[in-house]
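Coordinates in review
Each chain, letter by letter, is given below.
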Amino acid sequence: MIKKIKSIRNFAVFNDFNWDVTVKGKGNSIAEFKKLNIIYGRNYSGKTTLSRILRSLEQKKLPIKYSSIEFEVLIESRNISQNNLDSHSLDIRVYNSDFADENLAFLKDDQSKIEPFAILGEENVQIEKQIAGKEIKLGSEELNIGLRYNLFQKQAEHQKKQKEKDEKENDLDNKLKYKAVYIKNNNFIYGDVNYDIRKIKSDIKTIESSTKNSLNEKEIDEKEKLIKEQSKTRIYKLNSFNSNLQEISYQTTKLLQKGIKSKVSIQELLNNTILQEWVREGIPYHKGKRDTCAFCGNPLPKNLWEKLNAHFNEESEELRKSIKSLIQEFKNIEIKLTDILSLTKDNFYSVFHEDFSKYMNKLEQEIIKYNATLKYSINELEKREKDIFSVREAHILVDNSQIINDTINKLNSLIKKNNEKTNNLTNDQNQARIELRLNEVAKIIKDINYLENVD
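Residues numbered from 1 in each chain as written. Predicted model: local features only at pLDDT ≥ 70, side-chain atom pairs only at ≥ 80, totals over all residues. Heavy atoms only, no water.

Tracing the chain through its elements places Arg433 in helix 15 (residues 401-447). The exposure class of Arg433 is buried, given its relative accessible area of 14%. Here the alpha-carbon distance between Arg433 and Leu226, two residues 207 residues apart in the chain, equals 9.4 Å. From its side chain, Arg433 meets the backbone oxygen of Phe188 in a polar contact 2.7 Å long. (Helix = DSSP H or I, 4+ residues; strand = E, 2+ residues; numbered from the N terminus. Buried < 20%, exposed > 50% of the residue type's maximum accessible area, 1.4 Å probe, protein only. Polar contact = N/O pair within 3.5 Å; in protein donor to acceptor, adjacent residues only side chain to side chain.)

Two strands pair when backbone bridges link them, and strand 1 (residues 2-11) and strand 3 (residues 70-75) are joined in this way by six bridges, in the antiparallel orientation. What sits directly across from Arg9, in strand 3, is Glu70. Pairing of strand 3 with strand 4 (residues 78-81) involves four bridges; the strand directions are antiparallel. Bridge pairing in strand 4 places Glu72 opposite Ser81. Taken together, strand 3 and the strand that follows it, strand 4, pair antiparallel across an intervening segment of two residues, in which Glu76 is found at a positive phi of about 55°. (Pairing = 2+ DSSP bridges.)

On to the nonpolar core. Among the nonpolar cores identified, the biggest contains 58 residues, and Tyr370 and Val441 are the most heavily contacted of them. Counting residues in hydrophobic clusters, the runner-up holds 20 residues, among them Ile8, Phe11, Leu57 and Ile69. (Core = buried A, V, L, I, M, F, W, Y, C linked by side-chain atoms within 4.5 Å.)

On to the packing of aromatic side chains, then. Within this structure, the stated rule accounts for seven aromatic pairs. For the ring pair Tyr95 and Phe99, a centre distance of 4.9 Å and an interplane angle of 75° mean the geometry is edge-to-face. For Tyr95, a relative accessible area of 63% gives the class exposed. Classification of Phe99 as partly exposed rests on a relative accessible area of 24%. Aromatic side chains Tyr182 and Tyr190 sit 6.1 Å apart centroid to centroid with 55° between the ring planes, which places their arrangement in the tilted category. Assessed through its relative accessible area of 37%, Tyr182 is described here as partly exposed. (Phe/Tyr/Trp six-rings, centres within 6.5 Å; stacked < 30°, edge-to-face > 60°.)

If you walk across this open sheet you meet the four strands as 2-1-3-4, and the pairing is antiparallel. Each edge of the open sheet carries a strand with a single partner, namely strand 2 (14-18) and strand 4. Strand-to-strand twist in this sheet, taken as the mean axis angle between neighbours without regard to direction, amounts to 20°. Against the sheet, helix 2 (residues 47-59) makes contact with strand 1, strand 2, strand 3 and strand 4, and its axis sits at roughly 110° relative to strand 1, the strand it touches most. (Axes fitted to C-alpha atoms, helices over the stretch in contact; angles between N-to-C directions. Contact = heavy atoms within 4.5 Å.)

Attention now moves to the environment of Ser231. Looking at where Ser231 falls in the secondary structure, it is placed in the loop between helix 8 (217-228) and helix 9 (245-256). Sequence spacing of Ser231 and Asn423 is 192 residues, and the spatial spacing of their C-alpha atoms is 8.7 Å. What Ser231 contacts, discounting residues up to four positions off in sequence, is Tyr349, Thr422 and Leu425.

The next subject is unusual backbone geometry. Of note, Tyr44 is a non-glycine position whose phi angle comes to about 65°, a positive value. Within the secondary structure, Tyr44 is located in the loop between helix 1 (19-22) and helix 2. Although it is not a glycine, Glu76 sits at a positive phi angle of roughly 55°. Its place among the elements puts Glu76 in the loop between strand 3 and strand 4. Looking at Glu76, the relative accessible area reads 43%, which means it is partly exposed.

Okay, the packing of helix 5 (residues 146-185) against helix 15 next. Relative to each other, helix 5 and helix 15 sit at 160°, their axes nearing to 11 Å. Between helix 5 and helix 15, the angle is such that the two are roughly antiparallel. Considering the relative orientation of helix 5 and helix 15, their crossing is right-handed. Residue-level inspection shows Lys179, Tyr182 and Ile183 of helix 5 in contact with helix 15, the latter providing Arg437, Glu440, Val441 and Ile444. Looking at side-chain class alone, the contact of helix 5 with helix 15 contains four nonpolar, no polar and three charged residues. (Parallel < 35°, antiparallel > 145°, perpendicular 65-115°, else oblique. Left-handed = near helix turned anticlockwise from the far one by under 90°. Nonpolar A, V, L, I, M, F, W, Y, C, P; charged D, E, K, R; others polar.)

Running from amino to carboxyl end, helix 9 crosses helix 14 (residues 353-386) at an angle of 15°, the nearest separation of the two axes being 10 Å. Considering the angle they form, helix 9 stands roughly parallel to helix 14. Regarding helix 9 and helix 14, the two cross each other, and that crossing is left-handed. Along the contact surface, helix 9 presents Leu245, Ile248, Thr252, Leu255 and Leu256, while helix 14 presents Tyr370, Thr373, Leu374, Ser377, Glu380, Leu381 and Arg384. In terms of residue class, the contact of helix 9 with helix 14 is built from seven nonpolar, three polar and two charged.

A word on the pairing of strand 2. Of the strand pairs in this sheet, strand 1 and strand 2 are connected by four bridges, and their pairing is antiparallel. Bridge pairing links Phe11 to Phe14 in strand 2. Counted between consecutive antiparallel strands, the loop separating strand 1 from strand 2 contains two residues, among which Ala12 sits at a positive phi close to 55°.

Taking 1.5 Å per residue as the helical rise, helix 7 (residues 197-208) with its twelve residues ought to reach 16 Å, and the 16 Å between its terminal C-alpha atoms agrees with that figure. Turning to helix 7, its buried residues are Ile200, Asp203, Ile204 and Ile207. Angularly, the buried residues of helix 7 cover 110° about the axis, an arc narrow enough to put them on a single face. Among the exposed residues of helix 7, those pointing more than 90 degrees away from its buried face are Arg198, Lys205 and Glu208. (Expected span 1.5 Å × (residues − 1). Arc of directions from axis to C-beta.)

Geometric values such as these leave the question of function open.
What follows is the structure, given as structure tokens:
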């Protein structure tokens with residue numbers, strides 16, 4: 001016994017018929033065929049189509065011109081479809097228009113149309129003529145004429161277009177799913193271990209409403225480096241450089257050109273700077289300690305200290321002390337500048353490496369110039385110290401201390417940004433991941449022409 005026609009697809013008016021959804025009995029339960037069943041409905045509502053399904057079971061073959069139809073009939077506990085029509089043993093007889101066309105052709109005229117025997121009433125005659133005219137206009141799907149055939153063609157074309165659309169959307173979705181899996185598997189970079197096609201479509205909407213989503217190679221490299229960054233230790237700002245060459249030049253010139261007045265000088269020592277320095281350095285080893293010369297062993301003259309005190313007088317020794325003090329001050333400046341250069345690129349996040357290298361290279365160059373000037377001044381002062389009684393000519397020095405200070409200020413500004421990034425590193429990394437992910441999605445929708453194909 002046939003219980004129900006479970007489904008019908010691509011058959012006349014039935015595009016996607018589902019019995020369980022459509023045919024309901026009492027209490028909204030799913031109805032089934034009884035011993036006696038009456039199916040009624042208006043013309044072209046599908047009665048003939050249902051009879052053709054039953055006739056297919058009778059003949060165990062599909063109707064002519066309907067080779068692409070699909071249906072499924074529940075017989076007892078078995079399902080019979082268009083693919084296994086010969087697998088049942090039911091005794092079925094169907095008497096419909098197809099049966100008449102095949103078996104009662106002798107009742108038809110030359111146009112294969114059965115005419116009525118009589119029409120009662122003038123008004124009914126007019127109505128019948130109108131009906132006949134509309135029937136001609138409606139035509140027949142089977143005979144490939146009229147509106148019914150046009151509708152059949154339009155439905156077939158619509159189904160074809162819908163199928164193409166579904167296939168294209170499925171293809172696009174499969175490509176998006178593949179990209180979503182890639183992003184999910186690289187969650188360290190893109191930041192979402194649960195990324196899926198739903199999220200990639202959400203990102204596509206974000207891209208559509210944004211003015212910029214694509215990144216160049218440099219931006220991608222910077223963001224990938226940022227993601228890998230570990231939190232940096234806070235850097236303390238550099239002290240400003242207060243020394244200036246104008247003051248250095250003035251102090252140096254003052255000491256180099258200061259004259260020494262001596263009442264009694266030893267001319268031989270004045271003429272020989274090396275000998276003079278040798279004698280001066282030997283005084284602490286002899287005065288008050290020896291009566292003989294440690295070099296030659298001869299007795300020291302009684303008036304030796306008086307003569308040497310007159311030569312190396314208080315004024316010359318004060319100048320010597322001032323020169324030594326200034327030399328030490330210059331050397332301290334050298335040490336201070338060297339400490340500034342102890343800062344390295346590794347103290348900074350990668351995004352600041354380029355600026356750091358630029359500023360540090362500039363600072364190194366200017367410090368080299370500054371130290372060369374200090375070295376020149378030190379050399380001149382050391383020469384004056386060794387020849388304390390001879391004045392020396394000073395040279396004009398080029399002052400670049402302001403350039404050094406400006407560069408230090410730029411480095412301090414970079415240090416400030418670096419420290420701020422330490423405070424905001426997690427947020428910056430999360431934002432970088434989002435931008436990299438959107439960039440990756442933007443590439444795939446461009447590669448597959450997603451926006452054009454979806455439209």
